[in-house]
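Structure at a glance
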Amino acid sequence: MNFIGLLKRFVPPYKKEVVLNVVFNLLSTVLSLFSFAAIIPVLRILFGIETEVLSAVDLHNVSGIEDWLSALKNNLFWWLQEQQTAGGQGWMLLLLGLFLILMTFLKCLTAWLASYYMIPIRTGVLRDLRQQLYEKIVGLPIGFFTEERKGDIMSRMTSDVQEVENSIMASLDMLLKDPIMILIYLITLFCLSWKLTLFVLFLLPISGWLIGKIGKSLKRKSKQGQEQTGEIVTQIEETLGGLRVVKAFNAEQKLIERFQQLNNATRRTFNRINRRYTLAHPMSEFLGTVLIAILLWYGGSLILADNSSIDASVFIYYLVIFYSIINPAKDLTKASYGIRKGMASMERIDRILQTPDNIKEPIVPKQIKIAEDPSQESLICYQDVSFSYRDDVEVLHDINLNIKRGQTVAFVGQSGAGKTTLADLLPRFYDVSSGSITIGGVDIRDVHTHDLRQLMGNVNQEAILFNDTFYNNITFGVEHATMDEVIAAARTANAHDFIMATPDGYNTMIGDRGSRLSGGQRQRISIARAILKNPPILILDEATSALDTENEKLVQEALDHLMKKRTTLVIAHRLSTIKNADLICVMQNGRIVESGTHEQLIEQGGYYTRLVNMQQ
């Protein structure tokens, strides 16, 4: 990825601002040349260089650009001579001072206007980048996050985006302004003395090679630094999430030492990065001064030998313009260093933005119609379903299962048997590796994921809540819900009483991930959310396994209300919670090895019976 490609991706929406920025930068540069031009007549007055008496030239009688410019210059100096004759040298110096003030004011005004129109480009591109990154992360399939570290993703969204702001976008102003200044200044230098300018251009590649040599490895080091920053964020996130375990096992010192090693390594990396980065300014300034010294020697020698096409006053003007190139050249060098740093972060961001979504939406989506007839043969059908997270390890093997409308089907088995994976395939968190899953006779891959997931409600072992109010957590994903509907859902989920016991009722903030609530309360809020959604299909994944007996009873009662007249898939370790299921599927090593009701499976005396005996 190159910088031009990056601009093509993000800058087009701001074409108007880019054009205005370039126009005002152009005006600012031209006006700076006019302000510098006041040096020539000032020097000629002070040192008495101009002795020839000039006369005005009629511009109407002049043809050709070169002759016209020569006549215009002649008339300007004729007018200055007239002013000097009429008012004296003091009057002339006053006029030139006023001219310098006016030109500088206009130059500063246009420079400010150029920056004024650059600001919305910088902030807009960063806003667009953050928005694209967030939308991509929200839209990526669940499988992406099983392969990536959460802390590293957070680092890319924060520190890497900030690095793009600090380096690439901060350099954008220089890249739109400095090349214009350098080009116009060089054209002016050629017009003043092409011999001197060619001599200077012969020296510039040498300094450019030296600067490029220093910044060669900056991008690689910057990428390493951002990856280490991602590791730091990951470790912090893991520490905060597992702080109870850390303290329980007296592992504080171990984590402190591990973090210290990573922190020191990151510091060393950024020391090397920033030392190289800060070298850009002094190196370019030193090389610019060397060029000025060489130019002074060479140009001064030509003038002293009467072998130059310009006099001393024009030569000083030439030096002023050339010296004015040094600052934009330094900024351009610094910008190139900054871009190398920023592009390393942009590559890390693009690894997310350019990640393909393997959950493909159908070109012509179909609609699922769930029949009202409870006797219909099959609502959900798993047919020859196999699945693997990676190509070399198959997790599910040739699953065949028919689930009728309104049935409660439970999946039991030891950890790692494939129960949760089987349920995750239904809302297309993952796609089957082979076989098919249909709902109402329609392959779920032919249905838009939004429409498919609208049919389902989920209650998981860990209640996923947000740092918001009770009301907003219950209505999450449900548009235009009334307060009466929310209260009804909370009552059904046995949550209304403890909600009303809080200071602001349904408007009470519940804390980060519902930290102000007990486990049972959090679970009942998630059940109320599912009740309000009122889905025809329900997925319960270990919904009561982490609760004590009292809370389990309340939550199970809420679940019983939720499961009425719904097709329900239940994943459970506690076999006591699924005895009344219409169908129990016993899973082992990714296969359904037994199926039937509780009584039928006990009568068979197989693997299910051994599981029941283990829990008694």
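Our structure is the block above this text.
Here the structure is a predicted model, which means the values were calculated and not measured. (Residues numbered from 1 in each chain as written. Predicted model: local features only at pLDDT ≥ 70, side-chain atom pairs only at ≥ 80, totals over all residues. Heavy atoms only, no water.)

1. Focus on the pairing of strand β7 (residues 537–541)
Under the convention used in this document: Between buried and exposed lies partly exposed: a residue is buried under 20% and exposed over 50% of the maximum accessible area for its type, with that area taken using a 1.4 Å probe on protein chains only. To qualify as a helix, a DSSP run of H or I must reach at least 4 residues; to qualify as a strand, a run of E must reach at least 2; elements of each kind are numbered from the N terminus. Between any two strands, at least two bridges found by DSSP are needed for them to pair.
Across the 5 residues that make up β7, a large majority, 5, are buried. The pairing of strand β6 (residues 456–460) with β7 spans 5 bridges and is parallel. By the bridge assignment for β7, Asn458 is matched with Ile539. In this sheet, strand β8 (residues 567–571) lies alongside β7 in parallel orientation, the contact comprising 5 bridges. Opposite Ile537, over in β8, you have Thr567 as the bridge partner.

2. What to know about the environment of Leu554
Where we set the bar: Should any heavy atoms of two residues lie within 4.5 Å, those residues are counted as being in contact.
Relative to the helices and strands, Leu554 is located in helix α18 (residues 549–563). For Leu554, a relative accessible area of 30% corresponds to the partly exposed category. Counting along the chain gives 30 residues from Leu554 to Arg524, while the straight-line C-alpha distance between them is 8.3 Å. If we skip the residues at most four places from it in the chain, Leu554 touches Asn494 and Arg524.

3. Points about the packing of helix α2 (residues 15–37) against helix α6 (residues 150–192)
For clarity, the threshold we go by: Every axis in this analysis is a line fitted to C-alpha atoms, fitted for helices over the stretch in contact. Angles between the N-to-C directions lie between 0 and 180 degrees. Roughly parallel here means an angle under 35 degrees, roughly antiparallel means over 145, roughly perpendicular means 65 to 115, and every remaining angle is called oblique. Handedness of each helix crossing follows the sense of rotation of the near helix against the far helix: counterclockwise by less than a right angle gives left-handed, clockwise gives right-handed. Nonpolar residues are Ala, Val, Leu, Ile, Met, Phe, Trp, Tyr, Cys and Pro. Charged residues are Asp, Glu, Lys and Arg, and all others, Gly as well, are polar.
The N-to-C vectors of α2 and α6 enclose an angle of 40°; their axes lie 9 Å apart at closest approach. Regarding the angle of α2 to α6, the classification is oblique. As α2 runs across α6, the sense of the crossing is right-handed. For the pair formed by α2 and α6, the contact residues are Asn21, Val22, Asn25, Leu26, Thr29, Val30, Ser32, Leu33 and Phe36 on the first element and Asp173, Leu176, Lys177, Ile180, Met181, Ile184, Tyr185 and Thr188 on the second. Among the residues forming the contact of α2 with α6, the class breakdown is 10 nonpolar, 5 polar and 2 charged.

4. Observations concerning a nonpolar patch on the surface
Inclusion rule: Candidates for patches are residues over 30% relative accessible area with no salt bridge; among them, like charges are joined within 9 Å and nonpolar side chains (Val, Leu, Ile, Met, Phe, Trp, Tyr) within 5 Å. Calculation of accessible area relied on Shrake-Rupley with a 1.4 Å probe; when residues are assessed, cover is drawn exclusively from the protein chains displayed. Salt bridge, as applied in this entry: a Lys or Arg side-chain nitrogen positioned within 4 Å of an Asp or Glu carboxyl oxygen.
Judged by side-chain polarity, Trp91, Leu94, Leu98 and Ile101 come together as a nonpolar surface patch covering roughly 410 Å² of accessible area. Here Leu94 is to be found in helix α4 (residues 65–139). Of the residues examined, Leu94 reaches a relative accessible area of 45% and is grouped as partly exposed.

5. Quick word on the side chain of Ser388
Tracing the backbone through its elements, the reader meets Ser388 in the loop between β1 (380–387) and β2 (396–403). With relative accessibility at 18%, the residue Ser388 sits in the buried group. If we skip the residues at most four places from it in the chain, Ser388 touches Val393, Glu394, Val395 and Ser433.

6. Some remarks on α2
Our working rule: Any helix carries an expected span of 1.5 Å times its number of residues minus one.
Taking 1.5 Å of rise per residue, the 23 residues of α2 would be expected to cover 33 Å, and the 33 Å separating its terminal C-alpha atoms lies within 8% of that figure. Every buried residue belonging to α2 is among Glu17, Val18, Asn21, Phe24, Asn25, Ser28, Thr29, Leu31, Ser32, Leu33, Ser35 and Phe36, and all of these are buried.

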